[in-house]
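Chain and residue survey
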Amino acid sequence: MLFIYNKRGILVPVYSAVSVFGTLILNRILKSQVGGIFAKEYDGQIVLGIGLFIAFVWTYLTSYDYVEVDGEKERVHMNHHLFYISNRLWSYIMLGGSLLALAGGILETVEN
């Protein structure tokens, strides 16, 4: 597989995978051990949407670098890219995907 990245751009798929798999594991644990509202039937797209939202926040917060100069933090513009798309734009793409997945999951759950 070919990944075209620059600096921290390679972390975009890592953030996404860790967030989505973490929410899937947490969902499984909550369903089996806690029960209650988590034991009810709901669509898996909701869990995917929550995972992508966590990945959005993580990518958004780490998309800029800061350096301390004379006691104040200043933003340094670094080119963090994955497939020639900046990490900041990837975070917005994940936000859109998470909102679509959450909306689709909620609609599927309400219909059933």
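Structure: see above.
Structure report, in brief. Everything quoted here is computed from the prediction, not taken from an experiment.

Counting six residues, the largest nonpolar core is built from Val12, Ala55, Phe56, Leu82, Trp90 and Met94. Every element with two or more residues in this core is listed here: helix H2 (44–61) and helix H3 (87–111).

All right, on to the packing of helix H1 (residues 11–34) against H2 then. It is the contact of H1 with H2, at a shortest axis distance of 8 Å, that shows an interaxial angle of 140°. The orientation of H1 with respect to H2, classified from their angle, is oblique. Considering only the axes of H1 and H2, their crossing is right-handed. Counted together, Val12, Tyr15, Ser16, Val18, Ser19, Val20, Thr23, Leu24 and Asn27 of H1 and Val47, Leu48, Ile50, Gly51, Leu52, Ile54, Ala55, Trp58 and Thr59 of H2 form the full contact between these two elements. Of the residues in the contact of H1 with H2, the class split is 12 nonpolar, six polar and no charged.

Thresholds applied
- Residues numbered from 1 in each chain as written.
- Predicted model: local features only at pLDDT ≥ 70, side-chain atom pairs only at ≥ 80, totals over all residues.
- Heavy atoms only, no water.
- Core = buried A, V, L, I, M, F, W, Y, C linked by side-chain atoms within 4.5 Å.
- Buried < 20%, exposed > 50% of the residue type's maximum accessible area, 1.4 Å probe, protein only.
- Helix = DSSP H or I, 4+ residues; strand = E, 2+ residues; numbered from the N terminus.
- Axes fitted to C-alpha atoms, helices over the stretch in contact; angles between N-to-C directions.
- Parallel < 35°, antiparallel > 145°, perpendicular 65-115°, else oblique.
- Left-handed = near helix turned anticlockwise from the far one by under 90°.
- Contact = heavy atoms within 4.5 Å.
- Nonpolar A, V, L, I, M, F, W, Y, C, P; charged D, E, K, R; others polar.

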